[in-house]
Amino acid sequence: MNTQTFYDRLRECYLGIKNTNDAKVFIMRQILEDYFNFLNNGDGDGEKLNFANAQALWRERNREYRYDREITFIRQEMNRVVHGQKRDISDDTLRIYYEFCVRLINLISKEMPDAATLAAYGHIDENYLDDLNKLQRNAVLDKSRVVYVNAGPGTGKTHLLVYKIADLLIKQKDQVKIVAMSYTRSSASSLSAKIEEVTDRLNIVRFNFPYSGTIHSFSLNSLKSYAKSKGQKFDYVIADDNEIEDIVDDIYYSSDLKFEHEIIREYLLHPELNGDEALRSLVEEKKTLYKRISVGEILDLYLKKITEDEEFVKWTSKNMNYLLVDEAQDLTKVNYQILDALLEKVPDLKIFLVGDPRQNIFGFLGGSYKYLDAFLSKYDDSVSRQYLKESYRCPQYILDYTNGLEFDDCENVHLESQVDQDGEICINEFDDEYEEAEEIVRYISSLPDRKSVAILSPRLRPLSRIVDSLNEKGIPFIVQGGSHSVKPHIQAFAYLNRIVETGCKSLGPVNGLCEKFEMPKYRNLHEFMHSTLGMEVSRLHGSYVNANMTFLELSRSFVKICRQHIASGIKEEQDKDFKLLYDCVIKKADSPEAFSRLFKYYRTMFSSLEVEFKSASEAPDPVLISTMHSAKGLEWDYVILPCMCDKYFPNPKINDEVDQEAKREHMNSSLKLMFVAATRAKKTLYITYPSRIRDTNSDARPSRYLKDLIL
């Protein structure tokens, strides 16, 4: 036993959730009593005295009178609570008791409390913003109702967001209710981890831990939480692309082929459209059966709720007063309609937007800088604009190139490098794509650190020659980006699970299963249920529902069915994948419904690329091959941009586009993609292009985006 033991006990008591505040005061008093007995007896078995006598003995033995008044005061105050003379201790009063106890032990022992103990009552280093540069600090301290921060690549965007949240928690404590929206689930998860890391390091008490998620997950969780507060239930989950197709397929066959797939899909994704009443009824029936809802619909439901339901507005006002938005340039029209409604309906709400219009590269998903620009223009009088111009990633030589790019729809705010090295851009022309691939691999072989090398391209398919050369030289690589799909045996398992989850009443997953098993599709459930496979699935469903089979046993039966119907030539891969599925999902789930919820978070672990590139080497430190889109937010010492010719980039098909506005937008988007790719490099940007494409026997010219570099 030592002083830290008592710090730990005090902290655990203060932060615990099982006891009332009054009970916590009683426990804290007991801890102080134990501390004085420890001072008198050490770890020995000496006589245990009550608090007053233990205090007196310590005072006489040590001739220590300096803190006697303080000790007596806190003891008497706590006695009033223990004896019922003072009740219903508030959180603020409890915090004072806790801080007083910690400071008392610190004064007597001369041993500083650990960071966690200090953090519990909010001991903060007053110089906590010293980790920020001047531009970042200005943005953090900006108190305007709407703040927009133009944050270029490498300027510390995430660093800024984390410290903005830390500043709010320090200054407003339990009064601030923060929601942080990110563009992707992985970005939200990463932001949460960094918030926790920084708040722990700065000893910040997180009375209300900031919500971090995507805008659609925020909308869904808000609707669920509000329904729960009203004693109601909103048990839908957001459907992924596969689940949407299942529902489309189900409706297609259930309607006796009356509605085409495209019409069903369009209505399912956009329920606000006017449609056939029979189709509307089928869609509602199947959504209720599947308990699935599209991203578009969840956003529309939230927008309708915040616009029309005053009770929901009041509930929202109580649970959110500060909204931070990352990647603001990629938000869609309905996203900004939601932000607009929130500002109108929640008077105390403040919004902190961070983005970079030059990195708006996900237009194909509906996001556009024009929506951000329109939003800022609408609130121009109350918007404060901040700019982060200091890049801690790219050398100035690379920034000089990207600073010179001219975009049609936004200003290119020039960046200044804070990196202490010159950097370089290397451009090489080769006779054809085969020679280009060989030279790229030779260049990679000459580099000191393969794991900090990335090969980036708008699409993966043109990189096949490079992949062949890497395998010939035994250089390992991994691939990210491109079109993915869940492996057939894992998707088949998920379909079996969903058939049972929906009570064998859904045709969509039945036909999805048939597709994976390479079997003919069924026009109705009756036909399937009378097939050999259908009768087996029905038997399993009955056994599970009647509690004659656990979910684990049900899962084992699913695996057995999948192995029977999918080629055994990949048995080793199947075994590995099913083991991973068990470890990550099955053993954490206790029902088909729980499996479906969990599987959404792990499905990417079981995906395969549409263009399948496999490394022949399993050596450590692989080179990364990625699409430019998937490289956003990442960085490497050496970035290689191959195939940079007019046959590949920008996409030559755009030249056939008749609509000149669409052509202009495509060219501008491709230029932004080039900006993103070039600013991933921390040391060297290595660009190559072939002067001839041997496989198509056609001549090629350098991409238009290289003209300033070649001259």
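The shown structure was predicted, so the numbers you read here are calculated from the model rather than taken from an experiment.

**Comments concerning the overall build of the protein chain**
Here is step 1: Along the backbone of the protein chain there are 29 helices and 20 strands.
Here is step 2: Its C-alpha atoms give the protein chain principal-axis dimensions of about 100 × 70 × 55 Å.
Here is step 3: Taken across its 711 residues, the protein chain has 52% of its residues classed as buried.
Here is step 4: Sequence-distant contacts in the protein chain: of pairs separated by 6 or more residues, those separated by 24 or more amount to 75%.
Here is step 5: Of the roughly 34,100 Å² of accessible surface on the protein chain, a fraction of 47% belongs to carbon and sulfur atoms.
Here is step 6: Here the protein chain holds 95 positive side-chain charges and 111 negative ones, and the gap between their average locations is 5 Å.

**Details of the environment of Cys394**
Here is step 1: With respect to the secondary-structure elements, Cys394 resides in the loop between strand E9 (390-391) and helix H18 (396-403).
Here is step 2: Assessed through its relative accessible area of 0%, Cys394 is described here as buried.
Here is step 3: As for Cys394 and Thr155, which are separated by 239 residues in sequence, their C-alpha atoms are 9.8 Å apart.

**Structural notes on the pattern of salt bridges**
If the charged atoms of two oppositely charged side chains come close together, the side chains can form a pair.
Here is step 1: Following the criterion strictly, the structure yields 50 salt bridges and no others.
Here is step 2: Across the pair Glu245 and Arg265 runs a salt bridge, and its minimum N-O distance is 2.7 Å. Taken as a pair, Glu245 in helix H11 (residues 241-254) and Arg265 in helix H12 (residues 261-269) lie far apart in primary sequence, 20 residues in all.
Here is step 3: Residues participating in the shared-partner salt-bridge network are Glu243, Asp246, Arg292, Arg498 and Glu501.

**With respect to the sheet that holds strand E6 (residues 322-325)**
Here is step 1: The strand order across the open sheet built from 6 strands is E3-E2-E6-E7-E1-E8, with neighbouring strands paired in parallel fashion. A single partner strand is all that each edge strand has here, and the edge strands are strand E3 (211-214) and strand E8 (383-388). Strand-to-strand twist across the sheet, computed as the mean angle between neighbouring axes with direction ignored, equals 15°.
Here is step 2: Two strands pair when backbone bridges link them, and strand E1 (residues 146-151) and E8 are joined in this way by 6 bridges, in the parallel orientation. Pairing of Val149 across the sheet is with Gln386, part of E8.
Here is step 3: Where helix H9 (residues 185-201) meets the sheet, its contacts fall on strand E2 (178-182) and E3, and the angle it forms with E3 comes to roughly 165°.
Here is step 4: On the sheet, helix H10 (residues 215-229) packs against E2 and E3 and is oriented at approximately 115° with respect to E3.

**Considerations on the nonpolar core**
Here is step 1: Counting residues in each nonpolar core, the largest one holds 106 residues, and the members touching the most others are Leu323, Leu353, Phe375 and Leu641.
Here is step 2: With 8 residues, helix H28 (residues 660-678) is the single largest residue contributor to this core.
Here is step 3: With residues up to four places along the chain from it excluded, the contact list for Leu641 reads Leu456, Met628, Met674, Ala677, Leu685, Tyr686, Ile687 and Thr688.
Here is step 4: Formed by 55 residues, the second largest nonpolar core is a distinct cluster that contains Ile247, Leu540, Phe551 and Cys584.

**Regarding the side chain of His541**
Here is step 1: Note that His541 resides in helix H24 (residues 532-545).
Here is step 2: Beyond its immediate sequence surroundings of up to four residues, His541 is in contact with Val500, Gly503 and Cys504.

**A short note on the packing of aromatic side chains**
Here is step 1: Going through the model one piece at a time under the given rule, you end up with 28 aromatic pairs.
Here is step 2: Plain terms: the ring middles of Phe234 and Tyr236 are 5.5 Å apart, the flat faces sit at 45° to each other, and that makes the pair tilted.
Here is step 3: Ring centres of Phe407 and Phe675 lie 5.9 Å apart, and the angle between their planes is 80°; this geometry places the pair in the edge-to-face category. You can see Phe407 sitting in the loop between H18 and strand E10 (416-417) and its partner Phe675 sitting in helix H28, a full 268 residues away along the chain. By the burial criterion, Phe407 is buried, and Phe675 matches it.
Here is step 4: Among the aromatic residues, those joined into a cluster by ring pairs are Phe493, Phe551, Phe558, Phe578, Phe595, Phe599 and Phe606.

**Considering the sheet that holds strand E12 (residues 453-457)**
Here is step 1: As summarised here, the arrangement of the 6 strands in space is E11-E18-E17-E12-E16-E13, forming an open sheet in which the pairing is parallel. One side of each edge strand has no neighbouring strand; the edge strands of this open sheet are strand E11 (424-430) and strand E13 (477-480). Across the sheet, the mean angle separating the axes of adjacent strands is 20° when strand polarity is ignored.
Here is step 2: Pairing of E11 with strand E18 (residues 681-690) involves 7 bridges; the strand directions are parallel.

**Observations concerning the state of the cysteines**
Here is step 1: One pass over the full model with this rule turns up 0 disulfides.
Here is step 2: Here Cys13 stays unpaired: no disulfide links it, and the sulfur of Cys101, its closest cysteine neighbor, is 8.7 Å away.
Here is step 3: The class of Cys13 is buried, set by a relative accessible area of 9%.
Here is step 4: Of all cysteine sulfurs, the one in Cys394 lies closest to Cys426, which takes part in no disulfide; the gap is 15 Å.

**Thoughts on the packing of helix H7 (residues 134-141) against helix H8 (residues 157-172)**
Here is step 1: One way to put it is that H7 packs onto H8 with a least axis distance of 9 Å and a crossing angle of 45°. If you check the angle between H7 and H8, you find them oblique. The handedness of the crossing between H7 and H8 is right-handed. Where H7 approaches H8, its residues Gln136, Ala139, Val140 and Leu141 are matched on the opposing element by His159, Leu160, Tyr163, Lys164, Asp167 and Lys171.
Here is step 2: Here the contact of H7 with H8 is composed, by residue class, of 5 nonpolar, 2 polar and 3 charged.

**A closer look at the side chain of Arg292**
Here is step 1: Along the chain, Arg292 turns up in strand E5 (residues 292-293).
Here is step 2: Here Tyr290 takes part through its backbone oxygen, which lies 2.9 Å from a polar atom of the side chain of Arg292.
Here is step 3: If we ignore the near neighbours within four places in the chain, the residues touching Arg292 are Tyr236, Val237, Ala239, Glu243, Ile247, Lys287, Arg498, Glu501 and Ser596.

**A few points about the environment of Gly366**
Here is step 1: You can see Gly366 is positioned in the loop between strand E7 (350-355) and helix H17 (369-378).
Here is step 2: Of the residues examined, Gly366 reaches a relative accessible area of 33% and is grouped as partly exposed.
Here is step 3: Through-space distance from the C-alpha of Gly366 to that of Val325 is 17 Å; in sequence the pair is 41 residues apart.
Here is step 4: Beyond its immediate sequence surroundings of up to four residues, Gly366 is in contact with Leu331, Thr332, Lys333 and Tyr371.

**Observations concerning H8**
Here is step 1: In this model H8 runs 22 Å from its N-terminal to its C-terminal C-alpha over 16 residues, within 8% of the 22 Å that 1.5 Å per residue would give.
Here is step 2: The buried count for H8 comes to 12 of 16 residues, which makes it a mostly enclosed element.
Here is step 3: Those residues of H8 not exposed but buried are Lys157, Leu160, Leu161, Val162, Tyr163, Lys164, Ile165, Ala166, Asp167, Leu168, Leu169 and Ile170.

**Overview of unusual backbone geometry**
Apart from glycine, the bulk of residues carry a negative phi angle, and the bulk of peptide bonds sit in the trans form.
Here is step 1: Here Phe649 and Pro650 are connected by a cis peptide whose omega angle stands at -5°.
Here is step 2: Position of Pro650 among the secondary structure elements: in the loop between strand E17 (636-641) and H28.
Here is step 3: Phi at Lys291 is positive, roughly 60°, even though this residue is not glycine.
Here is step 4: Looking at where Lys291 falls in the secondary structure, it is placed in the loop between helix H13 (277-290) and E5.

Parameters and conventions
- Residues numbered from 1 in each chain as written.
- Predicted model: local features only at pLDDT ≥ 70, side-chain atom pairs only at ≥ 80, totals over all residues.
- Heavy atoms only, no water.
- Helix = DSSP H or I, 4+ residues; strand = E, 2+ residues; numbered from the N terminus.
- Buried < 20%, exposed > 50% of the residue type's maximum accessible area, 1.4 Å probe, protein only.
- Contact = heavy atoms within 4.5 Å.
- Areas by Shrake-Rupley, 256 points an atom, 1.4 Å probe, with all protein chains shown as cover.
- Lys, Arg positive; Asp, Glu negative; His and termini not counted.
- Charge placed at Lys NZ, Arg CZ, Asp CG, Glu CD.
- Salt bridge = Lys/Arg side-chain N within 4 Å of Asp/Glu carboxyl O.
- Pairing = 2+ DSSP bridges.
- Axes fitted to C-alpha atoms, helices over the stretch in contact; angles between N-to-C directions.
- Core = buried A, V, L, I, M, F, W, Y, C linked by side-chain atoms within 4.5 Å.
- Phe/Tyr/Trp six-rings, centres within 6.5 Å; stacked < 30°, edge-to-face > 60°.
- Disulfide = S-S within 2.5 Å.
- Parallel < 35°, antiparallel > 145°, perpendicular 65-115°, else oblique.
- Left-handed = near helix turned anticlockwise from the far one by under 90°.
- Nonpolar A, V, L, I, M, F, W, Y, C, P; charged D, E, K, R; others polar.
- Polar contact = N/O pair within 3.5 Å; in protein donor to acceptor, adjacent residues only side chain to side chain.
- Expected span 1.5 Å × (residues − 1).

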